[in-house]
Amino acid sequence: MKLQGFLFPRFLSLLLALVISFTAGGVAAQSGNEPYRAAIGSDGVQHVNILAGDYFFRPRHIIVKVNVPVMLVVRVEQGVIPHGLVLKVPKANISIDEDLGRESQTFTFTPTASGKYAFYCPKKLLFFKSHREHGMEGILEIVE
Ligand SMILES: [Cu+2]
């Protein structure tokens, strides 16, 4: 009896510690919300790979330099729901409005104005919420 009373709380606290560490690990792995700062490659281009899925863009906060060419390579994760990409910033000379597919798609532009601009998926099924409302949007931050 005495032994049982000693072991049981220990077992519980061990279980609790395991659960907490798993949960914390899961949250850290899922968030991925740190901004992605594009590096300028040896070709003088800022390369950015974006993964799209139901309903997210990863990374969702992208930082690029103004007046340096940007190449976005966008791929859709496996799934049956169609997605698209809209990134329209006339004052920065960016105009993207395309459906996305399983094959990687490449978009190139040279941003000409700094600022923070939204990109998003424009898809929407009937009366349901749009993918953007489901969280399928991100920020392109153009810095000096
Ligand atoms: Cu979508």
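Note that this is a predicted model, so its numbers are computed, not measured. (Residues numbered from 1 in each chain as written. Predicted model: local features only at pLDDT ≥ 70, side-chain atom pairs only at ≥ 80, totals over all residues. Heavy atoms only, no water.)

1. Examining the coordination of the copper ion
Move 1: With distances of 1.9 to 2.8 Å, the protein atoms coordinating the copper ion are His83 (ND1), Cys121 (SG), His131 (ND1) and Met136 (SD).
Move 2: In this structure, the copper ion is surrounded by four donor atoms whose angles at the metal cover 84 to 139 degrees, and the resulting shape is irregular.
Move 3: Here the donor residues of the copper ion are spaced in sequence according to H-x37-C-x9-H-x4-M. With Cys121 in the loop between β9 (115-120) and β10 (137-143) and Met136 in the loop between β9 and β10, the pair connects residues that are 15 residues apart, well separated along the chain.
Move 4: The exposure class assigned to Cys121 is buried, which follows from its relative accessible area of 1%.
Move 5: A relative accessible area of 0% means that Met136 is categorised as buried. (Donors = N, O, S within 2.8 Å, 3.2 Å for Na, K, Ca; no water. Tetrahedral: all angles 85-135°; square planar, octahedral: opposite > 155°, others 65-115°. Helix = DSSP H or I, 4+ residues; strand = E, 2+ residues; numbered from the N terminus. Buried < 20%, exposed > 50% of the residue type's maximum accessible area, 1.4 Å probe, protein only.)

2. Considerations on the side chain of His83
Move 1: Its place among the elements puts His83 in strand β6 (residues 83-89).
Move 2: One polar contact links His83 to Asp54, side chain to side chain, over a distance of 2.6 Å.
Move 3: At a separation of 3.1 Å, a polar atom in the side chain of His83 contacts the side chain of His131.
Move 4: Each residue touching His83, except ones within four places of it in the same chain, is listed here: Gly53, Asp54, Tyr55, Val76, Asp99, Leu100, Cys121, Lys123, His131 and Met136. (Polar contact = N/O pair within 3.5 Å; in protein donor to acceptor, adjacent residues only side chain to side chain. Contact = heavy atoms within 4.5 Å.)

3. Quick look at the environment of Lys124
Move 1: As for its position among the elements, Lys124 is in the loop between β9 and β10.
Move 2: Residues Lys124 and Pro82, spaced 42 residues apart in sequence, show a C-alpha to C-alpha distance of 9.4 Å.
Move 3: Apart from residues lying up to four places away in sequence, Lys124 is in contact with Lys129 and Ser130.
Move 4: At 3.3 Å, the side chain of Lys124 forms a polar contact with the backbone oxygen of Leu126.

4. Some details on unusual backbone geometry
Move 1: Note the cis peptide between Asp54 and Tyr55, where omega equals -5 degrees.
Move 2: Tracing the backbone shows Tyr55 in the loop between β2 (46-53) and β3 (56-58).
Move 3: Here the bond from Arg58 into Pro59 is cis, since omega is -5 degrees, no more than 30 degrees from zero.
Move 4: When you line up the elements, Pro59 lands in the loop between β3 and β4 (61-65).
Move 5: Positive phi, close to 70 degrees, is recorded for Asn93, a residue that is not glycine.
Move 6: Of the residues examined, Asn93 reaches a relative accessible area of 52% and is grouped as exposed.
Move 7: Its identity as a non-glycine residue notwithstanding, Leu126 has a phi of 45 degrees, on the positive side.
Move 8: Checked against the element boundaries, Leu126 lands in the loop between β9 and β10.

Treat this as a map of the structure, not an account of what it does.
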